[in-house]
Amino acid sequence: MGVEFVDLFNEWASSYDDTVSGSDPEYKEVFEGYDKMLQELADLSVSPVLEFGVGTANLTKKIIAQNKVVVGIEPSEEMRRIANLKCPEAAIYAGDFIHFPALEMPIRSVVSSFAFHHLNDQEKRLVLKEYYDKLEIDGEIIFIDTLFRNEAYKNKLIQEAEQKGFLNLAQDLQTEYYSYQDDLEQMFLQLGFEVSFKQINKFAWLIQAKKGE
């Protein structure tokens, strides 16, 4: 799963926090309101929490600050190193959305920020089914990720990026596995989740999917 991105994560780790804080003009709009959206996600989470794609532990720290139990999973060794320095209170393990250590604990929330798009559609269905099985009744998946309303909106954002000379962003939008909202909604519904979507900025959406009885 997404192993093609691990080298990129290792290289990006040292500057990741600068990027999400808005210092990189090319990705400023992608991460607009980053701290606030992570806080909202942390507030919505219910302990115990399983977090995928910990990165440099920005979300992890907010969840820990609320005295919640969180287990983090991160494939990048360099991201894990920084995460452990920033948030030594958290249990952070090597792994990814699909391959991660067996957990002897109930899971009330599965959370992630800006990582789910590293899975293709087949992998997304696979992991959502697994999380449905692992979640407690009324447990919830809560993701923040880049989505597109439809193909026309995707093409609009790509064109805007190209016009601004943001060629790395334009390439990212075309090559990574970003979902269309309707497709992702159907994926959740078919697995038995109740799901809602809230757009946060031009790129980012809050996704909440609750497991029914």
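Residues numbered from 1 in each chain as written. Predicted model: local features only at pLDDT ≥ 70, side-chain atom pairs only at ≥ 80, totals over all residues. Heavy atoms only, no water.

Novice: Report on the nonpolar core, specifying residues and quantitative values.
Specialist: One finds Phe114, Ile144, Leu169 and Leu173 to be the most contacted residues of the largest nonpolar core, which totals 41 residues. With near-sequence residues (within four places) excluded, leucine 169 lies in contact with Glu26, Tyr27, Val30, Ala161 and Phe203. Of all hydrophobic cores here, the second largest spans 29 residues; its members include Leu50, Ile107, Val110 and Phe197. (Core = buried A, V, L, I, M, F, W, Y, C linked by side-chain atoms within 4.5 Å. Buried < 20%, exposed > 50% of the residue type's maximum accessible area, 1.4 Å probe, protein only. Contact = heavy atoms within 4.5 Å.)

Novice: Provide a residue-level description of the UniProt feature "domain: Methyltransferase" (unreviewed entry) in the protein chain, including the pertinent values.
Specialist: The feature "domain: Methyltransferase" (unreviewed entry), as annotated in UniProt, sits at residues 49–139 in this numbering. Split by type, residues 49–139 is 34% helix and 27% strand. Its first and last C-alpha atoms lie 10 Å apart. (UniProt positions renumbered as here; feature names shortened; annotations may be inferred. Helix = DSSP H or I, 4+ residues; strand = E, 2+ residues; numbered from the N terminus.)

Novice: Could you give me a rundown of the side chain of asparagine 201, with the residues and numbers involved?
Specialist: By secondary structure assignment, the location of asparagine 201 is in the loop between β7 (193–199) and β8 (204–211). Only 2.6 Å separates the side chain of asparagine 201 from the backbone nitrogen of alanine 204, close enough to count as a polar contact. (Polar contact = N/O pair within 3.5 Å; in protein donor to acceptor, adjacent residues only side chain to side chain.)

Novice: Residue-level account of the pairing of strand β5 (residues 135–148), with values.
Specialist: Among the 14 residues of β5, 11 are classified as buried, and the element is accordingly described as predominantly covered. As defined by bridge partners, strand β4 (residues 107–113) adjoins β5 across six bridges and the pair is classed as parallel. Residue pairing across strands places valine 110 opposite isoleucine 141, the latter belonging to β5. Taken together, β4, helix α5 (residues 121–134) and β5 form a β-α-β motif whose crossover is right-handed. Bridge analysis of β5 against β8 gives seven bridges, and the strand direction is antiparallel. Each bridged residue has a counterpart across the sheet, and for isoleucine 142 the counterpart in β8 is glutamine 208. In terms of strand pairing, β5 meets strand β6 (residues 179–180) through two bridges, oriented parallel. Bridged to leucine 147 within β6 is serine 179. (Pairing = 2+ DSSP bridges. Right-handed = clockwise from strand over helix to strand, strands pointing away.)

Novice: Summarise the side chain of serine 112; cite the residues concerned and give the values.
Specialist: Mapped onto the secondary structure, serine 112 falls in strand β4. For serine 112, a relative accessible area of 1% corresponds to the buried category. In this structure serine 112 touches Leu41, Phe52, Phe97, Ile142, Phe143 and Ile144, once residues within four positions along its chain are discounted.

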